[in-house]
Amino acid sequence: MRLLKLVPDNTNIGFVRLRFWAFGLTALLTVLATLAVGTRGLNLGVDFVGGLMIEAKFQQVPVIDKVRGTVDSLNVGEVSLQQFGDPKTVSIRLPLPASTDEGATNAVVNKVKAALTATNPDVVFSRYDTVSGKVSNELIRNGLLAVFIAVLAIAIFSWLRYEWQFGVSTFVAIVHDLLMTLGFFAITRLEFDLNIVAAVLTIIGYSINDKIVIDDRIRENMRKYRQMDIGALIDLSVNETLPRTVMTSVTVLLALGALLLFGGHVLQGFTAAMMLGIIVGTYSSVYVSSSLLQALGLRAENFDRKPASPAGGNAERVTKRER
């Protein structure tokens, strides 16, 4: 049986040659994502804005105005409705009752359930969440802090492990991945809650894992081929790791695809964020961060001189490999 190869042997793609197109596309997408977040904002979940959220699933597509009128008639505060996942599922958001007693919250939930069940006997309430304003502020602060510390720590690690150029390129690539994810949620209006923060942190981890593999190969080749042009050396390193990069991304996407199909709408946002992050992270690792090393002035002849690996012998390549 022949082994499956998604990337042929001796692939020799000139990634560095395409760097200006990649930089232009990256800058354009970054601006669009920033504008989307700035103008549309994120559809923050109850985790971040506080309040009461009830999720109702109808057998038929409901008339939103009718649902709103039913809930408004209960005088439980200003209601906000949103269809998500599919048109039959509605998220009902309400302010928390004045009393902090759990019984008061349960009374509001039961009131809403009874009213909607009376007009829609087949409605199913899959979940409800409550978060106070104080807790939501803490969650926002802790979520932002977790993401910031993760990005900064990874950039510093890359700087200390390699050279400062690697730290800068890593920082740029991760920030790009984060902005793409935020822009996606701003455009699609999918709910942004703590699950998405977990997805963002996972994306950061996946992106840096992919990038570290490429950076390690670049460092190894810089020690072996000190006379090689840095652009050709980066192309060589990215092409050598390309089969691993593509195979890993495809297998992870297959797993996420199954989760998207069968995981239900509760995990839809998390899965969508992960799938986007895998694609964007792979793109930024291959096309952006590696080529950025050359733009930042990385040179093989100035790199730390250490003995070459036995596999490399004493031979020194000075040109990119032939097709």
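Residues numbered from 1 in each chain as written. Predicted model: local features only at pLDDT ≥ 70, side-chain atom pairs only at ≥ 80, totals over all residues. Heavy atoms only, no water.

### What to know about the overall build of the protein
Each helix and strand in the protein was counted, giving nine helices and six strands. Taken across its 323 residues, the protein has 43% of its residues classed as buried. A separation threshold of at least 6 residues defines the contact pool for the protein, and within that pool the share at least 24 residues apart is 79%. Surface summary for the protein: the accessible area is close to 16500 Å², and the carbon and sulfur share equals 62%. (Helix = DSSP H or I, 4+ residues; strand = E, 2+ residues; numbered from the N terminus. Buried < 20%, exposed > 50% of the residue type's maximum accessible area, 1.4 Å probe, protein only. Contact = heavy atoms within 4.5 Å. Areas by Shrake-Rupley, 256 points an atom, 1.4 Å probe, with all protein chains shown as cover.)

### Quick look at the nonpolar core
In terms of nonpolar packing, the biggest core is built from 44 residues, with Ile204, Ile218 and Leu233 touching the most fellow members. Of all the secondary structure elements, the ones that give two or more residues to this core are α5 (133–161), α6 (164–188), α7 (194–224), α8 (230–262) and α9 (268–295). (Core = buried A, V, L, I, M, F, W, Y, C linked by side-chain atoms within 4.5 Å.)

### Here we look at the packing of aromatic side chains
On inspection of all chains with the given rule, the structure shows five aromatic pairs. Relative to Phe185, the ring of Phe184 lies with its centre 5.5 Å away and its plane at 90°, an arrangement referred to as edge-to-face. Ring-pair connections join several aromatic residues into one group, and the members of that group are Phe15, Tyr283 and Tyr287. (Phe/Tyr/Trp six-rings, centres within 6.5 Å; stacked < 30°, edge-to-face > 60°.)

### Things to note about α6
Taking 1.5 Å of rise per residue, the 25 residues of α6 would be expected to cover 36 Å, and the 37 Å separating its terminal C-alpha atoms lies within 8% of that figure. Of the residues trailing α6, Arg189 is marked for its positive phi of about 65°. (Expected span 1.5 Å × (residues − 1).)

### Side note on the UniProt feature "transmembrane region" (unreviewed entry) in the protein
Sequence positions flagged by UniProt for "transmembrane region" (unreviewed entry) are, in local numbering, residues 20–38, 139–160, 167–188, 194–214, 246–267 and 273–296. Span residues 194–214 is 100% helix and 0% strand, its end C-alpha atoms 31 Å apart. Measuring from the first to the last C-alpha atom of residues 273–296 gives 30 Å, for a span that is 96% helix and 0% strand. (UniProt positions renumbered as here; feature names shortened; annotations may be inferred.)

### Observations concerning the side chain of Asn120
Counting through the fold element by element, Asn120 comes out in the loop between α4 (102–119) and β5 (124–131). At a separation of 2.9 Å, a polar atom in the side chain of Asn120 contacts the side chain of Thr119. (Polar contact = N/O pair within 3.5 Å; in protein donor to acceptor, adjacent residues only side chain to side chain.)

### Examining the side chain of Ser237
Summarising the element assignment, Ser237 is placed in helix α8. Among the residues examined, Ser237 registers a relative accessible area of 0% and is labelled buried. Here Leu233 takes part through its backbone oxygen, which lies 2.9 Å from a polar atom of the side chain of Ser237. Discounting residues that sit within four places of it in the chain, Ser237 has contacts with Arg217, Ile218 and Asn221.

### As for unusual backbone geometry
With a phi close to 65°, Arg189 is a non-glycine residue in the positive phi region. Checked against the element boundaries, Arg189 lands in the loop between α6 and β6 (191–192).

### Some words on the pattern of salt bridges
Applying the stated criterion across every chain yields a total of six salt bridges. A salt bridge links Arg161 to Asp216, with the shortest nitrogen-to-oxygen separation between them at 2.9 Å. You can see Arg161 sitting in helix α5 and its partner Asp216 sitting in helix α7, a full 55 residues away along the chain. Linked through salt bridges whose partners overlap, the residues forming this network are Arg161, Asp216 and Arg219. (Salt bridge = Lys/Arg side-chain N within 4 Å of Asp/Glu carboxyl O.)

### Brief notes about the packing of helix α1 (residues 19–40) against α9
The geometry of α1 relative to α9 is characterised by a closest axis approach of 10 Å and an angle of 115° between their N-to-C directions. Crossing geometry of α1 relative to α9 is assigned as left-handed. Taken together, the residues of α9 that come into contact with α1 (itself represented by Arg19, Ala22, Phe23, Leu25 and Thr26) are Tyr283, Tyr287, Val288, Ser291, Leu292, Gln294 and Ala295. Of the residues belonging to the contact of α1 with α9, the class tally is eight nonpolar, three polar and one charged. (Axes fitted to C-alpha atoms, helices over the stretch in contact; angles between N-to-C directions. Left-handed = near helix turned anticlockwise from the far one by under 90°. Nonpolar A, V, L, I, M, F, W, Y, C, P; charged D, E, K, R; others polar.)

### Things to note about the confidence of the model for the protein
Taken residue by residue, the protein gives an average pLDDT of 80. The fraction at 70 or more is 85%. For the protein, helix α2 (residues 46–49) is the element with the lowest average pLDDT, namely 70, and α1 is the one with the highest, namely 89. Note on residues 311–315: pLDDT is under 50 here. Beyond four places in sequence and across chains, it has four contacts. (pLDDT = per-residue confidence, 0-100.)

### A look at the environment of Leu292
Residue placement: Leu292 occurs in helix α9. Taking the C-alpha atoms as reference points, Leu292 and Val168, 124 residues apart in sequence, are found 8.8 Å from one another. Setting aside its immediate chain neighbours within four residues, Leu292 contacts Phe23, Ser169 and Val172.

### Here's the deal with the environment of Gln165
Position of Gln165 relative to the elements: it lies in helix α6. The class for Gln165 is buried, based on a relative accessible area of 8%. Distance from Gln165 to Leu293, taken between C-alpha atoms, is 5.9 Å for residues 128 residues apart in sequence. Dropping the residues within four chain positions of it, Gln165 is found in contact with Leu293, Leu296, Gly297 and Leu298.

### As for a nonpolar patch on the surface
The grouping of Leu145, Phe148, Ile149, Leu152, Ile156, Trp159, Leu160, Trp164, Val168, Phe171 and Val172 at the surface amounts to a nonpolar patch, some 1100 Å² of accessible area in total. Going through the elements one at a time, α5 and α6 are the ones with two or more residues in the nonpolar patch. Ranked by the residues each element gives to the nonpolar patch, the list is headed by α5, at seven residues. Relative to the helices and strands, Leu145 is located in helix α5. (Patch = residues over 30% accessible without salt bridge, like charges linked within 9 Å, V, L, I, M, F, W, Y side chains within 5 Å.)

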